[in-house]
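Here is what each chain is made of, one letter per residue.
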Amino acid sequence: MNLNTKNRLGALILIVIPFTLFAQVETVFNGVRFDESLQTVLQKVNQISKTTNVIAIDNPSFPLAKVKEEHLICNNVMTKEGNIAKVAFTFADDKLTYIEATGNAVKSLIESRKDTADIYMDYTVFFSELLFANVEKDKVWMLTEESVHPNLFTWENPYLTSSKVVDLGYSQSGKVPDFISMGGHIDELTPLLKANSAIMNVEELDGSDPNAQTQINCFGVDYAGFPRKIEARFGDNKLNMVWILTGKGEEDRIRKKLMAAYGDAIYKNEAWEVFNDWQVLLRKDKPEILLLTKELGASYKEEYFKE
């Protein structure tokens, strides 16, 4: 397998035409656009919301935020198709990057659409606009390409139910969780992965990676300050590779957590920093962490990181 290729939902997203990312948001929320500042969005949504509340986080945990995380929580938001009970607009470094709506959200944002949705796990998805819905929970997410990468449609904004900053209880450690046992058998690890995930699904790979035939996708795994998507890949039923999806904004936070767990990086180049005897790698050209068995780490060192 090439280090730059992987099977995942994100591969489907790359074909999106950029202007479509704004169309649905602009139409629904009084001209609001992604990447706009908190002040700009607040001025627009004040006209269509009964009440608004801004929650500012001093120590960001949101993956896209480097130094500043803010949530604009709007209640009873008017749309052409009906009022939505609550909408959270999340800002990373004063740029709108994520929207979550709940309470009459599916009826207001999905039911009147004429185009056909795709289905991904329990989600109804309109890939052209990065619009995700969980019909059973009556929740809708509007995302950017940056927020799709860490699969933030599986994250439910806790500030939709809390009016103030709270301790979310996320594990801050950068140490690989004990239940991710590299080299372990799929039959033994599957129940452990499921027990530590909010959502889990299994996919058979296409054969392009000679080292892996099965991938278990785990969503909501608590690691390094946020609930993550983890892609556990098995070759001959043994876990030999894990991708942990992160956000670019948190790269320095992740680096510090890895250093606290494993010491200084033993190798660095423009795209990678390597820890723990080539078994834990921080990827920088695309935000994620790669875990390898000792054997596969040694092989990758020789094949991909020759100077």
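Keep in mind the model is a prediction, meaning the values are calculated, not measured.

Draft legend 1. Structural context of the sheet that holds strand S5 (residues 118-120). Strand order in this open sheet of 8 strands is S1-S2-S3-S4-S8-S7-S6-S5, and the pairing throughout is antiparallel. Strand pairing shows two members of the sheet lacking a second neighbour, strand S1 (49-57) and S5, which therefore form its edges. On average, each strand axis in the sheet is inclined to that of its neighbour by 20 degrees, with strand direction left out of account. Of the strands in this sheet, S1, strand S2 (69-79), strand S3 (82-92) and strand S4 (95-102) are in contact with helix H3 (residues 38-45), which crosses S2 at around 15 degrees.

Draft legend 2. Main features of the pattern of salt bridges. In this structure the tally under the stated criterion is 18 salt bridges. Across the pair Lys248 and Glu251 runs a salt bridge whose closest N-O atoms are separated by 2.5 Å. Between Lys294 and Asp277 there is a salt bridge; the shortest N-O distance is 2.9 Å. Note that Lys294 is positioned in helix H8 (residues 294-304) and Asp277 in the loop between strand S14 (272-275) and strand S15 (280-283), a separation of 17 residues in sequence. Through salt bridges with shared partners, a single network forms among Lys248, Glu251, Asp252, Arg255, Lys256, Glu273 and Lys284.

Draft legend 3. Structural context of the packing of aromatic side chains. Taken as a whole and assessed by the stated rule, the structure comprises 18 aromatic pairs. Relative to Trp155, the ring of Phe62 has its centre 5.7 Å away and its plane inclined at 45 degrees; by these criteria the two rings are tilted. Taken as a pair, Phe62 in the loop between S1 and S2 and Trp155 in the loop between helix H5 (145-148) and helix H6 (186-195) lie far apart in primary sequence, 93 residues in all. Of the two residues, Phe62 and Trp155, both sit in the buried class. One cation-aromatic arrangement involves Arg113 over Phe126; the distance from NZ or CZ to the ring centre is 4.1 Å.

Draft legend 4. Structural view of H3. Three or more residues of H3 are buried, namely Leu38, Val41, Leu42, Lys44 and Val45. Burial along H3 is one-sided: seen end-on, the buried residues are contained in an arc of 165 degrees. Against S1, S2, S3 and S4 lie the buried residues of H3.

Parameters and conventions
Residues numbered from 1 in each chain as written. Predicted model: local features only at pLDDT ≥ 70, side-chain atom pairs only at ≥ 80, totals over all residues. Heavy atoms only, no water. Pairing = 2+ DSSP bridges. Helix = DSSP H or I, 4+ residues; strand = E, 2+ residues; numbered from the N terminus. Axes fitted to C-alpha atoms, helices over the stretch in contact; angles between N-to-C directions. Contact = heavy atoms within 4.5 Å. Salt bridge = Lys/Arg side-chain N within 4 Å of Asp/Glu carboxyl O. Phe/Tyr/Trp six-rings, centres within 6.5 Å; stacked < 30°, edge-to-face > 60°. Buried < 20%, exposed > 50% of the residue type's maximum accessible area, 1.4 Å probe, protein only. Lys NZ or Arg CZ within 6 Å of the ring centre and 35° of its normal. Arc of directions from axis to C-beta.

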